[in-house]
Amino acid sequence: MDIALKKIDINPVKELLEKYHISNFQDSIDFIDALHYCFNGWKKEHMGSKVWGEVTTSDSKCIACEHGKGMVVYEFEYIHPLAEIPMNRVVYGWDFGILFNIKNEILYEVRVCNAFLDRNEMEKLKLV
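Residues numbered from 1 in each chain as written. Predicted model: local features only at pLDDT ≥ 70, side-chain atom pairs only at ≥ 80, totals over all residues. Heavy atoms only, no water.

K.L.:
Is there a simple way to think about the overall build of the chain in this case?
P.N.:
Helix and strand counts for the chain come out as 4 helices and 4 strands. Reading the chain from its N end, one meets helices and strands in the order α-α-α-β-β-β-β-α. Expressed along its principal axes, the backbone C-alpha trace of the chain runs to roughly 50 × 40 × 20 Å. Taken across its 128 residues, the chain has 33% of its residues classed as buried. A fraction of 53% describes how many contacts in the chain between residues 6 or more apart in sequence connect residues 24 or more apart. Counting only carbon and sulfur atoms, one obtains 51% of the accessible surface of the chain, whose full area is about 8600 Å². (Helix = DSSP H or I, 4+ residues; strand = E, 2+ residues; numbered from the N terminus. Buried < 20%, exposed > 50% of the residue type's maximum accessible area, 1.4 Å probe, protein only. Contact = heavy atoms within 4.5 Å. Areas by Shrake-Rupley, 256 points an atom, 1.4 Å probe, with all protein chains shown as cover.)

Laid out in structure tokens, this is it:
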């Protein structure tokens with residue numbers, strides 16, 4: 001799942017859910033719907049938006065509905081190369097969190113989280 005998420009493309013994630021015959025479960029459908037914004041909310045139509053560099057991950061904690069639960073944050077930078085000069089050279093950042101519920105090495109649930117501590121907050125609280 002980590003490899004699929006780092007591609008910032010919904011198709012590899014859908015293929016993975018189909019491979020394990022769970023793509024039709026309501027939880028999987030809800031996950032794909034929420035993930036769609038994470039993968040596309042940063043794109044600007046007609047600006048050639050693309051990921052710049054590698055997608056990185058960091059550990060974090062949920063600060064809302066699953067308060068305190070551990071999660072993984074996916075972070076990447078992106079550019080709009082077809083934007084007008086100098087905006088076509090600006091590098092922006094985007095991140096999203098994923099809650100994995102794993103017990104005895106079995107994935108029971110995976111959800112998108114949009115309320116989490118950033119790296120600096122985790123370091124200040126000595127949670128990393």
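K.L.:
Would you mind going over the sheet that holds strand β3 (residues 92–103) with me for this structure?
P.N.:
The strands that make up a sheet pair up through hydrogen bonds in the backbone, lying either parallel or antiparallel. The 4 strands are arranged β1-β2-β3-β4 in an open sheet whose pairing can be described as antiparallel. Where the open sheet ends on each side, the last strands, each with one partner, are β1 (50–61) and β4 (106–113). The average angle at which neighbouring strand axes cross in this sheet is 25°, direction not considered. The pairing of β1 with strand β2 (residues 70–79) spans 9 bridges and is antiparallel. Looking at β2, one finds that Lys50 is bridged to Ile79. (Pairing = 2+ DSSP bridges. Axes fitted to C-alpha atoms, helices over the stretch in contact; angles between N-to-C directions.)

K.L.:
How do you make sense of the packing of aromatic side chains when you look at a structure like this?
P.N.:
Given two aromatic rings, their pairing is described by the distance between the two centres and the angle made by the two planes. Here the structure, examined in full by the defined rule, presents 7 aromatic pairs. Where Tyr74 meets Phe96, the ring centres are 5.5 Å apart and the plane angle is 15°; that geometry is what we call stacked. Here Tyr74 is found in strand β2, whereas its partner Phe96 is found in strand β3, with 22 residues between them in sequence. Tyr74 sits in the buried class, given a relative accessible area of 0%. Here the aromatic cluster, defined as three or more aromatic residues joined through ring pairs, consists of Trp42, Phe76, Tyr78 and Tyr92. Sitting over the ring of Tyr108, Lys103 keeps its end group 5.5 Å from the ring centre. (Phe/Tyr/Trp six-rings, centres within 6.5 Å; stacked < 30°, edge-to-face > 60°. Lys NZ or Arg CZ within 6 Å of the ring centre and 35° of its normal.)

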